[in-house]
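Structural features, examined
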Amino acid sequence: MFSFQLLSALSSVALLVSAAPARRACDTSGAVMDLPSGQTQLVAPTTAPLYVALGVGVQNYTCNASTLKYTSTGAVASLFDISCIDTTPAFATIQTTAFNVWSAAPAGAPATSIGSSIGLPPVLGSHFFVTSPTGTGISPEWSFTNGQFVIGSKVGDITAPTDSATNVDWLALNNLQGTLASKIFRIDTVNGQPPSSCVAGSADISVKYTAKYFLY
Ligand SMILES: *[C@@H]1O[C@H](CO)[C@@H](O)[C@H](O)[C@H]1NC(C)=O
Ligand SMILES: *[C@@H]1O[C@H](CO)[C@@H](O)[C@H](O)[C@H]1NC(C)=O
């Protein structure tokens, strides 16, 4: 009886704590990146991640009128905390579960609504692009609701191990600015690639995607 009450009290505290994002209190050592062998672009750190976030959003593209290919103009995504998820919903396949719901969502439905529909905790923050601190182009930023952020600079890039014409590349990024993390990885991508060619003058497009972001 005593231990039951203690457990109830502890889980109430855990619920309160999880409402305000901070360094994850759970053991994240079980959240391991499954990286393809035979490549050196993405090398997993030996430490456990600080956070693992599920990104649900869009990759944006514009049509380059001379190459008639879509080029990336950034992305915007909601981030859900999946650091402590083990089996329910399954960590290994959460990006596909989320993408199926996101892909079927009506136009205009916010990505923030996807988490609760598959039993994820509230939004941890967002991912978007900003003018690069280097002064050239744009850079990806991950910004948490607790005020912490990191702006990254790409240091590694491999095509998605499965269906790379559909699923965006897996990436490794180093910290360019901010205190949230020193390294960021984008893996387990679902969708997000543009059509293989475009017609000059066609409108900019946004392609839905999901991915896991590992922050170290
Ligand atoms: C289109 O692609 C060409 C070749 O890669 C590049 O030189 C040019 O800057 C691009 N145009 C725009 C508007 O990005
Ligand atoms: C991407 O497109 C969406 C609309 O689909 C827009 O809300 C967002 O600001 C765009 N972000 C970037 C970086 O282009």
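Throughout what follows, the structure given in this document is the object of discussion. Since we're looking at a predicted model, the values are computed, not measured.

1. Points about the environment of Ser72
Tracing the backbone through its elements, the reader meets Ser72 in strand S2 (residues 69-81). For Ser72 and Thr62, which are 10 residues apart along the polypeptide, the C-alpha to C-alpha distance reads 6.6 Å. Beyond its immediate stretch of four places on either side in the chain, Ser72 contacts Asn60 and Tyr61.

2. Some details on the packing of aromatic side chains
Counted according to the given criterion, the structure contains 5 aromatic pairs. Plain terms: the ring middles of Phe91 and Phe214 are 6.3 Å apart, the flat faces sit at 85° to each other, and that makes the pair edge-to-face. Highlighted residues: Phe91 in the loop between S2 and helix H2 (94-104) and Phe214 in strand S8 (residues 205-215), separated in sequence by 123 residues. The class for Phe91 is buried, based on a relative accessible area of 11%. For Phe214, a relative accessible area of 1% gives the class buried. A cation over a ring is seen here: Lys208 above Trp102, with NZ or CZ 4.3 Å from the ring centre.

3. Examining the sheet that holds strand S7 (residues 183-191)
Taken in spatial order, the 8 strands line up as S1-S2-S3-S4-S5-S6-S7-S8 and close into a barrel, and their pairing is antiparallel. Going from strand to strand, the sheet's axes swing by 35° on average, the running direction of each strand aside. Pairing analysis gives 8 bridges linking strand S5 (residues 149-158) to strand S6 (residues 170-178), with the strands arranged antiparallel. Bridged to Ile158 within S6 is Trp170.

4. Focus: the pattern of salt bridges
Counted by the stated rule, this structure contains 2 salt bridges. Close ionic contact of Lys154 with Asp157 constitutes a salt bridge, the shortest N to O distance being 2.9 Å. Here Asp188 ties to Lys212 by a salt bridge, and the two come within 2.8 Å at their closest N and O atoms. Here Asp188 is found in strand S7, whereas its partner Lys212 is found in strand S8, with 24 residues between them in sequence. Grouping residues by exposure puts Asp188 and Lys212 together as buried.

5. Points about the pairing of S5
By the bridge criterion, 3 bridges tie strand S4 (residues 138-144) to S5 in an arrangement that is antiparallel. The residue of S5 that forms the bridge with Ser143 is Phe149. The turn linking S4 back onto S5 is made up of 4 residues, and Gly147 within it adopts a positive phi angle of 95°.

The rules behind these values
Residues numbered from 1 in each chain as written. Chains lettered and ligands numbered in written order. Predicted model: local features only at pLDDT ≥ 70, side-chain atom pairs only at ≥ 80, totals over all residues. Heavy atoms only, no water. Helix = DSSP H or I, 4+ residues; strand = E, 2+ residues; numbered from the N terminus. Contact = heavy atoms within 4.5 Å. Phe/Tyr/Trp six-rings, centres within 6.5 Å; stacked < 30°, edge-to-face > 60°. Buried < 20%, exposed > 50% of the residue type's maximum accessible area, 1.4 Å probe, protein only. Lys NZ or Arg CZ within 6 Å of the ring centre and 35° of its normal. Pairing = 2+ DSSP bridges. Axes fitted to C-alpha atoms, helices over the stretch in contact; angles between N-to-C directions. Salt bridge = Lys/Arg side-chain N within 4 Å of Asp/Glu carboxyl O.

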